[in-house]
Amino acid sequence: MQIVSVDIGGTHARFAIAEVDQGRVQSLGEPVTLKTAEHASLQTAYEAFRARQGGTLPPAAAIAVASPITGDVIRLTNNPWVIRPSLIPERLGAEQWTIINDFGAIGHAVAQLPANDFEHLCGPDTDLPGDGVTTVCGPGTGLGVAQVFKRDGRYWVLPTEGGHMDYAPLDGIEDAILKRLRKTYTRVSAERIVAGPGIVAIYETLAELEGRAVLRRDDKAIWTEALEGTDSIALAALDRFCLALGAVAGDLALAQGAQGVVIAGGLGLRIKDKLLRSGFDQRFVSKGRFQSMMAAIPVKLITHPQPGLFGAAAAFAQEHQ
């Protein structure tokens with residue numbers, strides 16, 4: 001059957017037509033990306049996608065949202081939209097539907113995508129475990145976290161809010177980053193550093209440590225200069241970001257008892273080359289008495305261009321098979 005697959009993040013809402021059968025995704029159509037700031041609600045964005053598809057859509061929807069899925073009022077973490085699941089049939093015209101946390105959807109993508117949709121980052125160059133736990137985390141507008149548990153050819157996905165665990169600095173520079181953030185936030189979570197907007201605090205701290213003027217700049221400008229290599233402080237901030245991501249990914253793997261780890265999210269793809277030579281791997285394994293255990297965990301980067309859309313469709317396929 002054909003369904004509408006939707007992936008709603010803090011900045012963008014992505015839509016595509018997917019085909020599912022027997023619990024798995026068979027195909028995913030060309031995605032359409034809309035800016036959430038340009039639409040009042042999911043309904044109006046859905047209507048815009050419907051118009052682009054000639055005015056008709058399949059009466060089934062798979063919706064991944066950047067928020068915990070609780071109750072009948074879902075408020076997105078980094079997006080002002082409010083979604084009421086009970087109104088999905090009425091508002092969207094979907095007779096069948098699935099709604100899932102966005103990183104829960106990524107978990108379904110990790111479970112169903114073939115090995116060639118992953119790139120090796122560190123640890124043993126082996127496939128992800130066929131049985132056991134795979135930790136999934138990824139920086140974007142926020143820091144998404146989930147885990148995938150496989151056994152006997154079946155799998156289960158557990159979405160979490162692990163990105164909101166406390167941030168743990170590991171050296172003097174990270175102490176300074178934490179100190180700077182505590183001026184604004186009483187409690188500093190990992191997401192305040194290991195997510196796209198987090199590079200601002202890293203950049204400003206490094207500039208202050210060097211005695212430079214701390215200019216107020218948005219994260220997009222800093223990311224652009226970091227990736228282009230046109231600003232030395234921005235480049236150093238990117239190095240620090242990769243180190244912090246390695247440490248956080250390792251902490252999550254320890255907490256979840258993982259035998260494999262996947263880094264996901266569009267930002268992960270953008271910094272792929274940097275991750276491979278940044279010290280990410282050393283930070284991932286540097287867990288004291290558990291260093292040898294951590295070194296035995298394969299760490300991959302998901303390279304599928306739309307894992308959220310694919311994963312939302314996979315979640316629908318699993319629920320409605």
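Residues numbered from 1 in each chain as written. Predicted model: local features only at pLDDT ≥ 70, side-chain atom pairs only at ≥ 80, totals over all residues. Heavy atoms only, no water.

Caption draft 1: Main features of the overall build of the protein. If you tally the helices and strands in the protein, you get 12 helices and 14 strands. Over its C-alpha atoms the protein spans a radius of gyration of 20 Å, differing by no more than 12% from the 20 Å that the globule rule assigns to 321 residues. By sequence separation, contacts in the protein at least 24 residues apart represent 67% of the contacts at least 6 residues apart. In the protein, the 30 positive side-chain charges and the 35 negative ones have mean positions that sit 5 Å from each other. (Helix = DSSP H or I, 4+ residues; strand = E, 2+ residues; numbered from the N terminus. Rg over C-alpha atoms; globule rule 2.2 N^0.38 Å. Contact = heavy atoms within 4.5 Å. Lys, Arg positive; Asp, Glu negative; His and termini not counted. Charge placed at Lys NZ, Arg CZ, Asp CG, Glu CD.)

Caption draft 2: View of the nonpolar core. One finds I193, V194, I263, I271, F280, F284 and V299 to be the most contacted residues of the largest nonpolar core, which totals 49 residues. A per-element tally of this core places helix α7 (residues 232-256) first, with 12 residues. For I271, the residues in contact, after removing those within four places along its chain, are W223, L227, L238, F241 and C242. The next biggest cluster of nonpolar side chains, apart from the first, holds 32 residues, and it includes A105, A109, A312 and F316. (Core = buried A, V, L, I, M, F, W, Y, C linked by side-chain atoms within 4.5 Å. Buried < 20%, exposed > 50% of the residue type's maximum accessible area, 1.4 Å probe, protein only.)

Caption draft 3: Summary view of the sheet that holds strand β10 (residues 132-139). Strand order in the open sheet formed by six strands is β9-β14-β13-β10-β11-β12, and the pairing between neighbours is mixed. Among the strands making up the open sheet, the edge pair consists of β9 (118-122) and β12 (154-160). For this sheet, the mean angle separating the axes of adjacent strands, direction not counted, is 25 degrees. On top of the sheet, α7 reaches β10, β11 (143-151), β12 and β13 (260-263); it is set at about 150 degrees to β10, its chief contact. (Pairing = 2+ DSSP bridges. Axes fitted to C-alpha atoms, helices over the stretch in contact; angles between N-to-C directions.)

Caption draft 4: Region of the structure containing the packing of helix α5 (residues 199-209) against helix α6 (residues 219-228). Interaxial distance between α5 and α6 falls to 9 Å at its minimum, and their mutual angle equals 70 degrees. Between α5 and α6, the angle falls in the class roughly perpendicular. From α5, I199, V200 and Y203 reach across to α6, where they touch D219, I222 and W223. Partitioning the contact of α5 with α6 into residue classes produces five nonpolar, no polar and one charged. (Parallel < 35°, antiparallel > 145°, perpendicular 65-115°, else oblique. Nonpolar A, V, L, I, M, F, W, Y, C, P; charged D, E, K, R; others polar.)

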